[in-house]
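Chain and residue survey
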Amino acid sequence: MLTARPIPNEKLSSPDFDAAGLEVWVKRLDLVHPEIPGNKFFKLKYNLQKAVEFGHKQILTFGGAYSNHIHATAQAAQSLGMNSIGMIRGELTPPLNPTLQSASDAGMKLIYLDRSTYRQKTDPDFLAKLRKEIGQFYLIPEGGTNERAIQGTQEILSQEDNKFTHLACAIGTGGTFAGIATGKSDNQELIGISSLKGAFIMEDVKNLILHTASALPPRIHIDTDFHFGGYAKTTPELIDFIWDFYTRFGIPLDPIYTGKMAFAIFKKIKSGYFPAGSKILLIHTGGLQGNQGFTERTQIKLPPSA
Ligand SMILES: *Cc1c(COP(=O)(O)O)cnc(C)c1O
């Protein structure tokens, strides 16, 4: 069983927020576990519990070369004494980037798939063939979202978070949003900021929620206007924002998820979206392990991780 550290909520102090009558806080999921930070801790928790219960010796999952999910799965499997296999999209390009190096150091076996093979990641025949080749494994899908993951992300909010009127989180597959949506109280508004281009995510998230709940909870919104060109795309404005945020509040963000989420919420604050008296909780889903690889890839410097 993975054990969580206490997760601090940190208040952001700013004369602007005071003047608007707002409180803005950050929930530091990035500090939940030294090796398995962020929302991935919650997404993996019950998956690994089930894998152990069912007597599995190895975990297999899929992801990109900079994936927070790959990184976290390798660490989590190692901490429970299980083998892990990472099916990585794309060719091997030595030397390993920091994400894959740390996964490999944690004992993950990396297998590289060309893009068309990778697309078979959910194909039962492909998975059956893999089982024949490498033996039984517990499968965690790309991005880690399944029923067990949502069960875990329903535990992100604690009792004390009931005081917040608004909650905000980044969206990739939507598993984290779905868990928070079904774990929050009805009078809290949840805003999800999609890191991917496109409106398909609305339907995906609806299906995820209706898989675990009988109806959509009230006051949930998804904003698809802050992808900054698409998944893993950035702009100088976003990078400046991440540095400014770090300088003012001492909290590092990542450019793929949390930076876009915080940018969007700050923009909404400026535009008067939140009425005076609002207490806003930004959920820091982690992702900082990817910053070093991002900098190596793009030469764009980012704040150091906590
Ligand atoms: C994976 C990830 C997300 C997206 O989570 P989903 O459950 O796939 O929506 C958000 N933030 C960070 C930092 C992540 O690593």
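Residues numbered from 1 in each chain as written. Predicted model: local features only at pLDDT ≥ 70, side-chain atom pairs only at ≥ 80, totals over all residues. Heavy atoms only, no water.

Attention now moves to the domain arrangement of the protein chain. Each assigned domain of the protein chain is listed with its residue range as follows: domain 1 (9–38 + 147–298) and domain 2 (39–144). The C-alpha centroid of domain 2 is placed 25 Å from the C-alpha centroid of domain 1. In this complex, domain 1 contributes 25 residues to the contact, which on the side of domain 2 involves 24 residues. Interface of domain 1 and domain 2: buried area, both sides summed, is about 2200 Å²; carbon and sulfur atoms make up 60% of it. Looking only at domain 1, the three residues that lose the most surface to domain 2 are I36, R148 and Q289, adding up to 32% of its buried area. The interface formed by domain 1 and domain 2 includes one salt bridge. (Domains from an automatic or database assignment. Contact = heavy atoms within 4.5 Å. Buried area = accessible area lost by both parts, 1.4 Å probe. Salt bridge = Lys/Arg side-chain N within 4 Å of Asp/Glu carboxyl O.)

To continue, consider the site of the ligand. Not every one of the 14 residues close to the ligand is listed here, only the nearest: K40, K43, N68, T173 and T285. Take N39: an N or O atom from its side chain is 3.0 Å from an oxygen atom of the ligand. Within the side chain of N68, a nitrogen or oxygen atom sits 2.7 Å from an oxygen atom of the ligand. Contact with the protein chains removes 98% of the 390 Å² of surface that the ligand exposes when unbound. Only α2 (39–53) and α8 (175–183) provide two or more residues apiece to the shell around the ligand. It is α2 that contributes the most residues to the shell around the ligand, three residues altogether. (Near = heavy atom within 4 Å. Polar contact = N/O pair within 3.5 Å; in protein donor to acceptor, adjacent residues only side chain to side chain. Areas by Shrake-Rupley, 256 points an atom, 1.4 Å probe, with all protein chains shown as cover. Helix = DSSP H or I, 4+ residues; strand = E, 2+ residues; numbered from the N terminus.)

This part takes up the packing of aromatic side chains. Working definition: an aromatic ring pair is given by the centre-to-centre distance plus the angle between the planes. Per the counting criterion, the structure on display carries 15 aromatic pairs. Look at W243 and Y246: their rings are 6.2 Å apart centre to centre, the planes differ by 80 degrees, and that puts the pair in the edge-to-face class. On the criterion of helical spacing, the pair formed by W243 and Y246 is a turn pair, its members being three residues apart in helix α10 (residues 236–249). On the basis of relative accessible area, Y246 is assigned to the partly exposed category, the value being 25%. Lying over the aromatic face of W25, K163 brings its terminal NZ or CZ to 4.8 Å of the ring centre. Lying over the aromatic face of Y66, R297 brings its terminal NZ or CZ to 3.9 Å of the ring centre. (Phe/Tyr/Trp six-rings, centres within 6.5 Å; stacked < 30°, edge-to-face > 60°. Buried < 20%, exposed > 50% of the residue type's maximum accessible area, 1.4 Å probe, protein only. Lys NZ or Arg CZ within 6 Å of the ring centre and 35° of its normal.)

This part covers the sheet that holds strand β7 (residues 166–171). Strands sit in the order β1-β2-β10-β7-β8-β9 across an open sheet of six strands; the sheet is mixed. Both edges of this open sheet fall to β1 (9–12) and β9 (220–223), since each of them pairs with a single strand only. Strand-to-strand twist of the sheet, defined as the mean angle between neighbouring strand axes without regard to direction, takes the value 25 degrees. Judged from the four bridges that link them, β1 and strand β2 (residues 23–28) form a sheet pairing that is antiparallel. Its bridge partner being in β2, K11 is matched across the sheet by W25. (Pairing = 2+ DSSP bridges. Axes fitted to C-alpha atoms, helices over the stretch in contact; angles between N-to-C directions.)

This part takes up the pattern of salt bridges. All chains considered together, the criterion is met by nine salt bridges. For K27, the salt bridge goes to D161, with nearest N and O atoms at 2.8 Å. You can see K27 sitting in strand β2 and its partner D161 sitting in the loop between α7 (147–153) and β7, a full 134 residues away along the chain. You can call D161 buried: its relative accessible area is 1%. R89 is paired through a salt bridge with E142; the nearest N and O atoms lie 3.5 Å apart.

Turning next to the UniProt feature "domain: Tryptophan synthase beta chain-like PALP" (unreviewed entry) in the protein chain. This chain's UniProt record puts "domain: Tryptophan synthase beta chain-like PALP" (unreviewed entry) on residues 16–286. Secondary structure over residues 16–286 splits into 41% helix and 18% strand, and the C-alpha atoms at its two ends are 26 Å apart. (UniProt positions renumbered as here; feature names shortened; annotations may be inferred.)

Core analysis: the largest hydrophobic core is formed by 36 residues, its most contacted members being L44, I59, F177, I180 and I283. Looking at this core element by element, the count peaks at five residues for α2. Ignoring anything within four residues of it in the chain, the contact list for I283 reads K27, L29, I156, L157, A168, C169, I180 and M261. Within the second largest apolar cluster, 33 residues are counted, among which are F245, A262, I269 and F274. (Core = buried A, V, L, I, M, F, W, Y, C linked by side-chain atoms within 4.5 Å.)

The residue after P94, namely P95, is reached through a cis peptide bond having omega 0 degrees. With respect to the helices and strands, the residue P95 is situated in the loop between β4 (83–89) and α4 (98–105). At Q299, a position not held by glycine, the phi torsion is positive, near 65 degrees. Relative to the assigned elements, Q299 resides in the segment after α12 (290–298). In this structure Q299 comes out as exposed when scored by relative accessible area, which is 66%.

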